[in-house]
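Tertiary structure, described
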Amino acid sequence: MTLVLKKAPSFNATAVVKGEVVKDFTLEQFQGEKYVVLFFYPKDFSGVCPTEMWAFQERSADFEKRNAVVIGCSTDSEESHKVWLSMPREKNGIADVHFPIIADHAKTIASNYGILGGDFFYDEEGKLAFEGSPIALRGTFIINKAGVVMYESINFFTIARDIDQILRELDALQHFEQKGEVCLANWKKQ
């Protein structure tokens, strides 16, 4: 089920922001002020995930020009995020990444956004079980300043995102909001 045109599921979570653990990190802090590009990734220290983290960081100025904040989220803990953020790139770390990274260790945020790689269920004995991979798929959500999801994309674990495509979607959303003009196939910001 899509979240597009619905209020983005709120959360109050722990995040690592500029190397520091921040409790009570919320989407509401950006509402009315910024667009939010919230992206979920499977795991710290994986082979694909750091490439996306570097790609988002390398394009951070492009998001800032569009009045957008980038926020990462995985089902790993804040301790894992801190260690990964302290490791240099040549060791598959993300030491120069500066955007917030949310710790969704309880998997509630990923579940609320519909991107957990499987499902919880109760077995015949009434015990809670999980089928699939209890980590986040690669979900990307663009949330407008009113807190409404305007774009979502969900990829399998092994398929990384295209940052240019995310910027194009953000440009198209802002173009429509500002000018009321639709954006046709292959539209690009002039």
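Residues numbered from 1 in each chain as written. Predicted model: local features only at pLDDT ≥ 70, side-chain atom pairs only at ≥ 80, totals over all residues. Heavy atoms only, no water.

Description of the overall build of the protein
Of the regular secondary structure elements, the protein holds five helices and nine strands. Ordered by position from the N terminus, the helices and strands of the protein form the series β-β-β-α-α-β-α-β-α-β-β-β-β-α. The C-alpha atoms of the protein give a radius of gyration of 17 Å, which matches the 16 Å a tight globule of 190 residues would have. Considered along the principal axes of its C-alpha atoms, the protein spans approximately 55 × 40 × 30 Å. Going through the 190 residues of the protein one by one, you find that 48% of them count as buried. Within the protein, residue pairs in contact and separated by at least 24 positions form 64% of the contacts whose partners lie at least 6 positions apart. Summed over all atoms, the accessible surface of the protein reaches about 10,100 Å², with 53% contributed by carbon and sulfur. Of the charged side chains in the protein, 21 are positive and 27 negative, and the gap between their average positions amounts to 6 Å. (Helix = DSSP H or I, 4+ residues; strand = E, 2+ residues; numbered from the N terminus. Rg over C-alpha atoms; globule rule 2.2 N^0.38 Å. Buried < 20%, exposed > 50% of the residue type's maximum accessible area, 1.4 Å probe, protein only. Contact = heavy atoms within 4.5 Å. Areas by Shrake-Rupley, 256 points an atom, 1.4 Å probe, with all protein chains shown as cover. Lys, Arg positive; Asp, Glu negative; His and termini not counted. Charge placed at Lys NZ, Arg CZ, Asp CG, Glu CD.)

Description of the side chain of glutamine 174
With respect to the helices and strands, the residue glutamine 174 is situated in helix H5 (residues 163-179). Given a relative accessible area of 7%, glutamine 174 falls into the buried group. Within the local environment of glutamine 174, its side chain forms a polar contact with the backbone oxygen of arginine 66, the two atoms lying 2.7 Å apart. Setting aside anything within four residues of it in sequence, one finds glutamine 174 in contact with Tyr35 and Arg66. (Polar contact = N/O pair within 3.5 Å; in protein donor to acceptor, adjacent residues only side chain to side chain.)

A look at a nonpolar patch on the surface
On the surface, Phe120, Tyr122 and Leu128 cluster together into a nonpolar patch covering about 380 Å² of accessible area. Counting through the fold element by element, tyrosine 122 comes out in strand S6 (residues 116-122). (Patch = residues over 30% accessible without salt bridge, like charges linked within 9 Å, V, L, I, M, F, W, Y side chains within 5 Å. Salt bridge = Lys/Arg side-chain N within 4 Å of Asp/Glu carboxyl O.)

Notes on unusual backbone geometry
Even without being glycine, aspartate 24 reaches a positive phi, approximately 60 degrees. Turning to its location among the elements, aspartate 24 is positioned in strand S2 (residues 20-25). Given a relative accessible area of 56%, aspartate 24 falls into the exposed group. A positive phi is found at asparagine 92, a non-glycine position, where the angle reads about 70 degrees.

With respect to the packing of aromatic side chains
Tallied over the full model, the rule gives 13 aromatic pairs. Considering the side-chain rings of phenylalanine 45 and tryptophan 84, the 6.0 Å spacing of their centres and the 45 degrees angle between planes classify their relative orientation as tilted. Separated by 39 residues along the polypeptide, phenylalanine 45 in the loop between strand S3 (35-40) and helix H1 (49-58) and tryptophan 84 in helix H3 (residues 78-86) bring together distant segments of the chain. For phenylalanine 45, a relative accessible area of 38% gives the class partly exposed. Seen from their ring centres, tyrosine 113 and phenylalanine 141 are 5.0 Å apart, and the 70 degrees between their planes marks the pair as edge-to-face. (Phe/Tyr/Trp six-rings, centres within 6.5 Å; stacked < 30°, edge-to-face > 60°.)

Side note on the nonpolar core
One finds Phe11, Leu38, Phe40, Ile71, Ile102 and Tyr113 to be the most contacted residues of the largest nonpolar core, which totals 27 residues. Of all the secondary-structure elements, those providing two or more residues to this core are strand S1 (13-17), S3, strand S4 (68-74), helix H4 (108-112), strand S7 (128-136) and strand S8 (138-143). If sequence neighbours within four positions are ignored, leucine 38 has contacts with Phe11, Ile71, Cys73, Ile102, Tyr113, Gly139, Thr140, Phe141 and Ile143. Within the second largest apolar cluster, 25 residues are counted, among which are Phe39, Leu85, Val97 and Ile142. (Core = buried A, V, L, I, M, F, W, Y, C linked by side-chain atoms within 4.5 Å.)

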